[in-house]
Amino acid sequence: MSMEIKKEIYDFFAKFVYDKTGIFYPEKDYYRLDSRITTLMGHFQCETPDELFNLYVTKRNKDMEVVLIDLCTNNETYFFRDNKPFDALTKTIIPQKVAQNGYVNLWSAASSTGQEVLSIVMGLLENNPGFDLSKVKITATDISQRALKKANSFTYSSLDVQRGLPAMLLVKYFDQLPDGQWQFKSEFSKHLRYETLNLLTDNFKPNFYDVICCRNVLIYQNKENKQMIMQKLFDSIRSDGFLLMGSGESLIGTDITLTQSSVDGAMFFVKENQTWKKAA
Amino acid sequence: MKFLIVDDSNAIALMVSEMLKEMGYTSDRAVDGNDAVKKLEADNSFDFILLDWNMPNMSGIEFLKYNYENHLTETPIIMMTTENKPENIREALMFGASEYIMKPFTKDIIESKISMLNQFKKVA
């Protein structure tokens, strides 16, 4: 079925997505909005793009914003993604921080459906037998309500749990539910809670986190937004704290000064890492 | 890399061999555990074995137990089965399976498991 979408409708939704998430659709990429607009039409029972446009313009509510943000954010993730950063965090960085300070404040800033946080928890328990999880205060946030709902259920399909997760860890840390899905055991998840946060528009706790994981988020932002989010992340990291970004991400295009540091073969950005250098 | 697919289903064996081919790997096939024993006695140069659970003559778990007792091969064995209960997974791992794929699966899951085991090989 071909569907004609007027330029003013593309303009409206592109600006809407940009204002809410910072994800920028230039005109040449407007076609990427087609499937999202079609899905929205189905969700809100609109026959045409014009009808959907009129609905958004005249009766926009919070629910409509949530659905659009869910559609436009990429929740693709899997357990132990890229592997090395998890080894570095759970074998070296977090245990050393706990030894130094007694606890660690860790923030998973784009936690998506939860695999990153659960990988850290499993890594800590596997690499440090008897590790006291209460020493790691984990904040986990995402912009997508759909992702947060799944993350907070701690429940994954059999396809999800086969992506990146060794079978040995699956049977150790997950229970199989009667419907065949797998749920992270409550004894390991009881302190975890995923919450809503928009990196673009919300404020972050200043000078608070020892470790921030913010992977594969800033690649979708333009230069101005990247600078703004990086500045807020910088202000939120404590002295000698670590920032983990995606493997293809850098500080290029921002005026943020963080030191690049390789830990166990994984690249981190460190804020004023004098203590770390002395400890290493 | 060269795989031995041990599965009594022609359709599954063909699908998996096609997936492996797309990843750039070659494969041979055994129709049950007995056939796998014969193939491995003749040629033990496989990089991975993909092993179904439910097969006639010698099942996947019987093959694992045979290998556990007779040290037929040290090639990493990945179970590939509809038997997806935690007790099945634990039993297979206990008798020497290196990984476990639950059917239905997608190509990226085979890739994920191979990648995991290759990383382990590098560390070991």
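This structure is a prediction, so every number in the text was calculated from the model and none was measured.

Looking at this structure, how should I read the state of the cysteines?
Here, disulfide denotes a covalent bond that connects the sulfur atoms of two cysteines. Taken as a whole, this structure holds zero disulfides over all chains when the rule is applied. The thiol of Cys214(A) is unpaired, and the distance to the nearest cysteine sulfur, on Cys213(A), comes to 9.0 Å.

Is there a simple way to explain the packing of aromatic side chains in this structure?
Between two aromatic rings, the relevant description is the distance of the centres plus the angle of the planes. Residue and element names in this part refer to chain A. Tallied over the full model, the rule gives 25 aromatic pairs over all chains. An angle of 75 degrees between the planes, with centres 5.8 Å apart, marks the rings of tyrosine 18 and phenylalanine 24 as edge-to-face. For tyrosine 18, a relative accessible area of 24% gives the class partly exposed. Looking at phenylalanine 24, the relative accessible area reads 48%, which means it is partly exposed.

Could you clarify how one ought to interpret the nonpolar core in this entry?
Soluble, globular proteins show a tendency: their nonpolar side chains are buried together. Residue and element names in this part refer to chain A. The biggest cluster of nonpolar side chains holds 70 residues, and the ones touching the most others in it are Ile94, Leu118, Met122 and Phe174. The biggest single contributor to this core is helix α6 (residues 115-127), with seven residues. Those residues in contact with isoleucine 94 that sit more than four places away from it in its chain are Leu89, Val104, Leu106, Ile120, Leu124, Phe131 and Val136. Of all hydrophobic cores here, the second largest spans 24 residues; its members include Phe13, Phe16, Val17 and Leu52.

Can you help me understand the sheet that holds strand β2 (residues 136-142) of chain A in this one?
Residue and element names in this part refer to chain A. If you trace the seven strands from one edge of the open sheet to the other, you get β6-β2-β1-β7-β8-β10-β9, paired in mixed fashion. Each edge of the sheet is formed by a strand with only one pairing partner; in this case those strands are β6 (194-196) and β9 (259-263). On average, each strand axis in the sheet is tilted by 30 degrees relative to the strand beside it, whichever way the strands run. Across five bridges, the pairing between strand β1 (residues 104-108) and β2 is parallel. By the bridge assignment, valine 104 is partnered in β2 with valine 136. Strands β1, β2, β6 and β7 (209-213) of the sheet are contacted by α6, whose axis makes an angle of about 160 degrees with β2. Packed on one face of the sheet, helix α7 (residues 145-153) meets β2 and β6 and runs near 165 degrees to β6.

Just to check I follow, could you spell out the packing of helix α1 (residues 7-21) of chain A against helix α3 (residues 49-59) of chain A for this structure?
The geometry of a pair of packed helices is captured by two quantities: the angle between their axes and the separation between those axes. All names here are of chain A. The geometry of α1 relative to α3 is characterised by a closest axis approach of 10 Å and an angle of 45 degrees between their N-to-C directions. Classified by the angle between their axes, α1 and α3 sit oblique to one another. For the crossing formed where α1 meets α3, the hand is left-handed. Here Glu8, Ile9, Phe12, Phe13 and Phe16 of α1 lie close against α3, whose contacting residues are Pro49, Asp50, Leu52, Phe53, Tyr56 and Val57. Counted by class, the contact of α1 with α3 contains nine nonpolar, no polar and two charged residues.

Please explain the sheet that holds strand β4 (residues 174-176) of chain A as it appears in this structure.
In a beta sheet, neighbouring strands are held together by backbone hydrogen bonds and run either parallel or antiparallel to one another. Residue and element names in this part refer to chain A. In spatial order, the strands read β3-β5-β4; together these three strands make up an open sheet with antiparallel pairing. The open sheet terminates on both sides in strands that have one partner only, identified here as β3 (155-156) and β4. Note: β3 against strand β5 (residues 182-184), two bridges, orientation antiparallel. When the sheet's bridge partners are listed, threonine 155 is paired in β5 with glutamine 183. Sheet strands in contact with α6 are β3, β4 and β5, and its direction is about 65 degrees off that of β5.

The rules we used
- Residues numbered from 1 in each chain as written.
- Chains lettered and ligands numbered in written order.
- Predicted model: local features only at pLDDT ≥ 70, side-chain atom pairs only at ≥ 80, totals over all residues.
- Heavy atoms only, no water.
- Disulfide = S-S within 2.5 Å.
- Phe/Tyr/Trp six-rings, centres within 6.5 Å; stacked < 30°, edge-to-face > 60°.
- Buried < 20%, exposed > 50% of the residue type's maximum accessible area, 1.4 Å probe, protein only.
- Core = buried A, V, L, I, M, F, W, Y, C linked by side-chain atoms within 4.5 Å.
- Helix = DSSP H or I, 4+ residues; strand = E, 2+ residues; numbered from the N terminus.
- Contact = heavy atoms within 4.5 Å.
- Pairing = 2+ DSSP bridges.
- Axes fitted to C-alpha atoms, helices over the stretch in contact; angles between N-to-C directions.
- Parallel < 35°, antiparallel > 145°, perpendicular 65-115°, else oblique.
- Left-handed = near helix turned anticlockwise from the far one by under 90°.
- Nonpolar A, V, L, I, M, F, W, Y, C, P; charged D, E, K, R; others polar.

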